[in-house]
Amino acid sequence: MKKKEISLLLLLLAYSMFGQDKETASFIGFSMTDLEIPNSAAFVLLDAAPETIQRPNSTKAFGLSLLQDIATDGILKNIAIEATPFWLTQNRNRSALKYYGVDKSGVQNPFSKLKLASFSAAYVKDTDSIVNVAIGGRVTLFELKRKTIVLEYLSTYKEIENLISHVSDVVEEEYDAKNPEPDCFGEPNCDKILDEWDQKRNEYKKMIRNRITLDGGQSLMDEVDDSKGYSEKMEEIVQTKPWLAVDLAAAYNHRIMNNEFNNNKFGRIGMWGTVALNTKWESDNYINFYGFVRYLMESENEALNNVAPDDRFNAFDIGVKGEFELAKLTVGYEYISRSGDLEGYRSAGTIKYQLLENIFLTGSFGNNFEKKDDLISLFGIQWGVNNSNQKLGVTNNF
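This write-up is about the structure you can find in this document. Keep in mind it's a predicted model, so treat the numbers as computed, not measured.

With 26 residues, the main nonpolar core has F43 and W272 as its most contacted residues. Put simply, the parts of the chain that give this core at least two residues each are α2 (41-45), β4 (118-125), β6 (244-257), β7 (264-282), β8 (285-298) and β9 (313-325). With 5 residues, α2 is the single largest residue contributor to this core. The residues touching F43, leaving out its near neighbours within four places in the chain, are A48, A49, S65, L67, N78, I79, A80, A122, Y123 and V124. M32, Y99, Y153 and L154 belong to the second-largest nonpolar core, a separate cluster that totals 23 residues.

Structure, rendered in structure tokens:
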């Protein structure tokens, strides 16, 4: 690569990869846009999600799920929202290394995803007279990444960091060449002239260090079209699934009877864990295996089951799932056995397709625990919203 092209690339790394406005001028990083939209924990508690067993790698700042049971009347009666507080606050010191859970020596922090806990709320209308509302949350307890992926991540990170560390030197040299030290020796106000020159020079260097847009920055971006490959590669590596991960989740459900707000009662509470084993076999394609265990406490609906309002039932769910995950299409099958005071099983095929960048179509078909009306025939739409704070920093100083 010619010297001029190298200089353009170095300069461009300061402009095109990272925010240039005053709000983000001191931030060097890349945007995280290709995040996932999981089924909300609130939906999972109510057995209303297309997938009960699921382990998202990372979640968007905000997600909306609309579901409809094809076997029932009405359109998209089930609604859930999910938010990840980590992405909802502005933080210029978010480190791409800390987010990924590694340090510069390659040592992993398996608990790095604890900060990415997400929270959800759901509305599900079971029948004409029963409405369920639920709240829930999920968090990745720990995850272990493949060593080869970690080394690739560190290599790319350090390459970008090294390039950025030379940007200011290159620009400062050009500035000094265009604005040499004034030759005012012998003039009465020479000291003042030199002080003003030195002050302007320092202010310019500080501006470079703070990553404020320089004149001509946009034209440089136009000259080097492939410079964004670095940030795209970083995001791709960040999104690579770990080979082992464990998630925990919990949710609470309250029922409103006969469409009367004052006629409400405890419905169900649940806690569960998911273990995921992920094998990457080609590009962005995975074969995923999951183990699932859940505890439920439920208050049966006395109007339908002839039991006392305060009766409580305990149940334990144990399940497994296999899944093929392609670039835009994910197909899986899950089986969950329920034992205890409540018995049954869930056997369902699941499918998810990325229609647009932030819109997914989901569906499932099979048996859903209950002894009556146990058909699963769910179809849904999931929509995710990216936040301007979904950025990770490469470095904040040289």
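The description of an aromatic ring pair rests on the distance of the ring centres and on the angle between the ring planes. Applying the stated criterion across every chain, the model contains 8 aromatic pairs. For the ring pair F86 and W87, a centre distance of 4.9 Å and an interplane angle of 80 degrees mean the geometry is edge-to-face. You'll find F86 and W87 in the same group, each marked buried. Judged by centre distance (6.2 Å) and plane angle (35 degrees), the ring pair of F86 and Y99 falls under tilted. In this pair, F86 sits in the loop between β3 (78-83) and α3 (96-100) while Y99 sits in helix α3, placing the two residues 13 residues apart along the sequence. The same class applies to F86 as to Y99, namely buried.

Definitions and cut-offs
Residues numbered from 1 in each chain as written. Predicted model: local features only at pLDDT ≥ 70, side-chain atom pairs only at ≥ 80, totals over all residues. Heavy atoms only, no water. Core = buried A, V, L, I, M, F, W, Y, C linked by side-chain atoms within 4.5 Å. Buried < 20%, exposed > 50% of the residue type's maximum accessible area, 1.4 Å probe, protein only. Helix = DSSP H or I, 4+ residues; strand = E, 2+ residues; numbered from the N terminus. Contact = heavy atoms within 4.5 Å. Phe/Tyr/Trp six-rings, centres within 6.5 Å; stacked < 30°, edge-to-face > 60°.

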